[in-house]
Amino acid sequence: MDTENTEKETIIDEITSDNNVNEIESATELTLEEKLQEDLANEKDKFLRLFAEFENFKRRTAKERIDLFKTANQDVLQALLPILDDFDRAMTEIAKSEDEVLLRGVELIHEKLKSTLVSKGLEQVEVRAGDAFNADYAEAITQIPAPTADLKGKIVDVIEKGYKLGDKIIRFPKVVIGN
């Protein structure tokens, strides 16, 4: 035990000497200063990450809000599409009749409905007989033998019109393709 106490006293004497005290104090100050700088750097890093995360959150929510506004009336427009189809069929049948006044009246109502839907962002997907079939823009109902060789793999008939709201197709056109 005496040896241990002697060693401790020697170490304490060395530490307490004037030169060593100054060195220990300056070393402690530097490590304290370095530690504070390191803590400051860590806090700055946390702040920058939090700020970047918040900016991403703001961008993401703004984009979601814009998308929501664009498609907010999608359900209503989809519910009106069968009515628009019925009008198209009615126009075809009324055009066969001789009643010009009835035809003109139904045409006015039909055009007003179409213009209202277009003003709300509805657009017709343009596909015609003879166009190349693209599964991204049309739905094939059936295949029939192609009436001519140039209609193989192409649209033979459009059964139901397709519509899109902005860039999103809300109803694919239903087509018959040639085999």
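Quick caveat: nothing in here was measured; it's all calculated off a predicted structure.

Analysis parameters
Residues numbered from 1 in each chain as written. Predicted model: local features only at pLDDT ≥ 70, side-chain atom pairs only at ≥ 80, totals over all residues. Heavy atoms only, no water. Salt bridge = Lys/Arg side-chain N within 4 Å of Asp/Glu carboxyl O. Helix = DSSP H or I, 4+ residues; strand = E, 2+ residues; numbered from the N terminus. Buried < 20%, exposed > 50% of the residue type's maximum accessible area, 1.4 Å probe, protein only. Phe/Tyr/Trp six-rings, centres within 6.5 Å; stacked < 30°, edge-to-face > 60°. Pairing = 2+ DSSP bridges. Axes fitted to C-alpha atoms, helices over the stretch in contact; angles between N-to-C directions.

Peer 1: Could you give an account of the pattern of salt bridges, naming the residues involved and the relevant values?
Peer 2: Throughout the structure, instances matching the rule amount to 13 salt bridges. For Lys58, the salt bridge identified is with Glu55, shortest N-O distance 3.4 Å. Highlighted residues: Lys58 and Glu55, both in helix α2 (residues 18-71), separated by 3 residues, approximately one helical turn. Among the residues examined, Lys58 registers a relative accessible area of 39% and is labelled partly exposed. For Glu55, a relative accessible area of 22% corresponds to the partly exposed category. Notably, a salt bridge pairs Lys174 with Glu160, separated by 3.0 Å at the nearest N-O pair. With Lys174 in strand β6 (residues 174-178) and Glu160 in strand β3 (residues 155-160), the pair connects residues that are 14 residues apart, well separated along the chain.

Peer 1: Pulling in residues and values, what's your account of the packing of aromatic side chains?
Peer 2: In total, this model carries 2 aromatic pairs according to the counting rule given. Both rings, one in Phe47 and one in Phe51, keep their centres 6.3 Å apart while their planes meet at 25°; by these two values the pair is stacked. Of this pair, Phe47 and Phe51 both sit in helix α2, 4 residues apart, which is roughly one turn of that helix. Accessibility expressed as a relative area gives 54% for Phe47, which makes it exposed. For Phe51, a relative accessible area of 45% translates into the label partly exposed.

Peer 1: Please provide a residue-by-residue account of the pairing of strand β5 (residues 168-171), values included.
Peer 2: As paired strands, strand β4 (residues 162-165) and β5 are joined by 3 bridges and run antiparallel to one another. Each bridged residue has a counterpart across the sheet, and for Tyr163 the counterpart in β5 is Arg171. Between β4 and β5, which follow one another and run antiparallel, lie 2 residues, and Gly166 among them has a positive phi close to 70°.

Peer 1: Tell me about the sheet that holds β6, and name the residues and values.
Peer 2: Across the sheet, 3 strands lie side by side as β2-β6-β3; this open sheet has mixed pairing. Looking at strand neighbours, the two that pair on one side only are β2 (139-144) and β3, the edges of this open sheet. Neighbouring strand axes in the sheet, compared pairwise and without regard to direction, differ in orientation by 25° on average. Summarising the sheet, β2 and β6 pair through 5 bridges and their orientation is parallel.

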